[in-house]
Amino acid sequence: MDWKLTLVKNYKKMDLNENELAMIFVVDSLLQDGETFITPDMLSLQMTLPFEEIDSCFTALIKHCYLSYDKNLKLSLDNLITLINSKYPITASNPVAYL
């Protein structure tokens, strides 16, 4: 099961809003495309939100450790994916995990 589906089903319980959810998906897309140093400026080229909102969302995601930079300044979703997989485990009896 894809962590993204579990995130969509549980983002409200994780105190995320729709803008933050969209930003996570844009970050994931950029990472999949091979981008490593992702900033609010780069995200503003991909999103329709005002830059101030992008910066605020990005800061909140970093503060809550959903996004993090490694020592090489590569942005990562690893903390978020680990949290989703541990807090909302997928089982045979629970194919779409809910809290």
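Note that the structure is a prediction, hence the values are computed from the model and not measured. (Residues numbered from 1 in each chain as written. Predicted model: local features only at pLDDT ≥ 70, side-chain atom pairs only at ≥ 80, totals over all residues. Heavy atoms only, no water.)

(A) View of unusual backbone geometry. A positive phi angle, close to 60°, is found at Asp15, a residue other than glycine. Its identity as a non-glycine residue notwithstanding, Cys65 has a phi of 65°, on the positive side. By the element assignment, Cys65 lies in the loop between helix H4 (51-63) and strand E1 (68-69). Judged by its relative accessible area of 45%, Cys65 falls in the partly exposed class. (Helix = DSSP H or I, 4+ residues; strand = E, 2+ residues; numbered from the N terminus. Buried < 20%, exposed > 50% of the residue type's maximum accessible area, 1.4 Å probe, protein only.)

(B) Layout of the environment of Asn19. Among the structural elements, Asn19 can be located in helix H2 (residues 18-32). Along the chain, Asn19 and Ile54 lie 35 residues apart, while their C-alpha atoms are 8.2 Å from each other. Ignoring anything within four residues of it in the chain, the contact list for Asn19 reads Met47, Leu49, Glu53 and Cys57. At 3.3 Å, the side chain of Asn19 forms a polar contact with the side chain of Glu53. (Contact = heavy atoms within 4.5 Å. Polar contact = N/O pair within 3.5 Å; in protein donor to acceptor, adjacent residues only side chain to side chain.)

(C) Highlighting the nonpolar core. One finds Leu7, Met23, Val27, Leu43 and Leu80 to be the most contacted residues of the largest nonpolar core, which totals 27 residues. Those elements that place two or more of their residues in this core are helix H1 (3-10), H2, H4 and helix H5 (78-87). Considering each element in turn, this core owes the most residues, seven residues, to H2. Sequence-distant contacts of Leu7, defined by excluding residues within four places in its chain, comprise Met14, Leu16, Leu21, Ile24, Phe25, Leu80 and Ile84. (Core = buried A, V, L, I, M, F, W, Y, C linked by side-chain atoms within 4.5 Å.)

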